[in-house]
Amino acid sequence: FTGIARIPCVVHVVWNTNAQNISQAQIDSQIDVLNRDYRATNPDTSIVPGVFSGLIADTRIEFYLATEDPNGNPTTGVTRTQTSTASFGTDDKVKSSATGGIDPWDTAHYLNIWVCQLGGGLLGYAQFPGGPANTDGVVILHSGFGTNGTATAPFDLGRTATHEVGHYLNLLHIWGDDGSGCSGSDECADTPNAAGPNFGVPTFPHVTCSNGPNGDLFYDYMDYTDDRGMVMFTTDQVTRMHACLDTVRKDLPD
Ligand code: ARG
Ligand code: ZN
Ligand code: CA
């Protein structure tokens, strides 16, 4: 695509307790974070050392709550569903009304974002491009969603959705998903080869896989640091996302 790709989103709030029925303000805060992070206008890129700052890239992708539903009727871009399920997992049950959740809207034309309680310390999960339509989209823990309401530190800056939408647009984890080895790759030439995930907020540099002196690019959204430590995508990551939006997900932007 040229210019800006604007992606219509539907947020499916699936709640068991009243607290999980998150506010519109919390939803809006997440859309705002996605727009800042994907346009690289987030001010916290200031934490990136000079040796890496040239890698920071604007994806030219923007997000908005859908204004028209699949039937062509006006919508807020938010659905709210009460469930008897106390907690969901990675089994996609939240993605179907037959299993305690709610079905997606036309996945070719909407980014479906389910927000619910998740078990096992899971912050979120995503489906990569090319998978089954009826489970396409991302799922985010309500307390890792947005920046207010139930959002809870250290995952209260909206970066779980930034990360999961990265997967949805075909990004791999920056360490190459090979455990802690040095043979896995994220297929991006500009991200240093790294061993395993980084957690918390590491101190620069963290050298692994002979990637010194600068070490791992743990400032990247596709690592596993706390929200305040992940602040950037790289040029080659943007290239992968654009390739996805120009092919498999070409009907997604409006
Ligand atoms: N563990 C999740 C995944 O692999 C998300 C990690 C998000 N990290 C964060 N700091 N919010 O997709
Ligand atoms: Zn991930
Ligand atoms: Ca690795």
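Residues numbered from 1 in each chain as written. Chains lettered and ligands numbered in written order. Predicted model: local features only at pLDDT ≥ 70, side-chain atom pairs only at ≥ 80, totals over all residues. Heavy atoms only, no water.

As annotated in an unreviewed UniProt entry, the protein chain carries the name Repeat uncharacterized protein DUF346 and comes from Kribbella pratensis.

1. Quick notes on the overall build of the protein chain
How we decide: In this text, helices come from DSSP runs of H or I with a minimum length of four residues, and strands from runs of E with a minimum of two, each type numbered from the N-terminal end. As defined in this context, the radius of gyration uses C-alpha atoms, and a globule is described by 2.2 Å times the residue total to the power 0.38.
Regarding its fold elements, the protein chain presents 4 helices and 6 strands. Helices (α) and strands (β) of the protein chain occur, in sequence order from the N terminus, as β-α-α-β-β-β-β-β-α-α. In terms of C-alpha radius of gyration, the protein chain reaches 18 Å, essentially the compact-globule figure of 18 Å for 254 residues. Taking the principal axes of the C-alpha coordinates as reference, the protein chain spans close to 55 × 40 × 30 Å.

2. Quick notes on the coordination of the calcium ion (ligand 3)
This is how the line gets drawn: The rule for donors is simple: an N, O or S atom within 2.8 Å of the metal counts, and for Na, K and Ca the reach is 3.2 Å. Water is not among the atoms, so a site may look short of donors. Angle rules define the geometry names used: all angles between 85 and 135 degrees makes four donors tetrahedral, while opposite donors over 155 degrees apart and all other angles between 65 and 115 make four donors square planar and six octahedral, leaving every other case irregular.
Trp175 (O), Asp178 (OD), Asp178 (OD), Gly181 (O), Ala194 (O) and Ala195 (O) make up the full set of protein donors to the calcium ion (ligand 3), lying at 2.3 to 3.0 Å. Around the calcium ion (ligand 3) sit 6 donor atoms, and with donor-metal-donor angles ranging over 47 to 178 degrees the site reads as irregular. Summarised as a motif, the one-chain spacing of the donors to the calcium ion (ligand 3) is W-x2-D-x2-G-x12-A-A. Residue Asp178 is located in the loop between α3 (159-168) and α4 (235-246), and its partner Ala194 is located in the loop between α3 and α4; the two are separated by 16 residues in the primary sequence.

3. Some words on the site of ligand 1
Our working definition: Note on terminology: near, applied to a residue and a molecule or strand, indicates that one of the residue's heavy atoms is within 4 Å of it. Counted as a polar contact is a pair of N or O atoms within 3.5 Å, where, for protein atoms, one must be capable of donating a hydrogen and the other of accepting one, and residues adjacent in sequence contribute only when both atoms are in side chains. Only the protein chains shown count as covering a residue, and every accessible area follows the Shrake-Rupley method with a 1.4 Å probe.
Taken together, 14 residues lie around ligand 1, and Thr160, Glu164, Tyr224, Thr225 and Asp227 are the ones closest in. For ligand 1, an oxygen atom lies 3.2 Å from a polar atom in the side chain of His163. Between ligand 1 and Glu164 there is a distance of 2.5 Å, counted from an oxygen atom to a side-chain nitrogen or oxygen. When ligand 1 is considered free in solution it has 360 Å² of accessible area, and contact with the protein chains removes 90% of it. Per-element tally for the shell around ligand 1: the top contributor is α3, with 5 residues.

4. Observations regarding the pattern of salt bridges
Rule in force here: Here, a salt bridge means any side-chain nitrogen of Lys or Arg that lies within 4 Å of a carboxyl oxygen of Asp or Glu. Relative accessible area decides the class of each residue, using a 1.4 Å probe on protein chains only: under 20% of the type maximum gives buried, over 50% gives exposed, and in between gives partly exposed.
Tallying each qualifying case throughout the model produces 8 salt bridges. For Asp91, the salt bridge goes to Lys93, with nearest N and O atoms at 3.9 Å. Since its relative accessible area comes to 45%, Asp91 is described here as partly exposed. Residue Lys95 is joined to Asp92 by a salt bridge in which the shortest nitrogen-to-oxygen separation is 2.8 Å. Assessed through its relative accessible area of 3%, Lys95 is described here as buried. Here the salt bridges share partners, and the residues they tie into one network are Asp37, Asp44 and Arg159.

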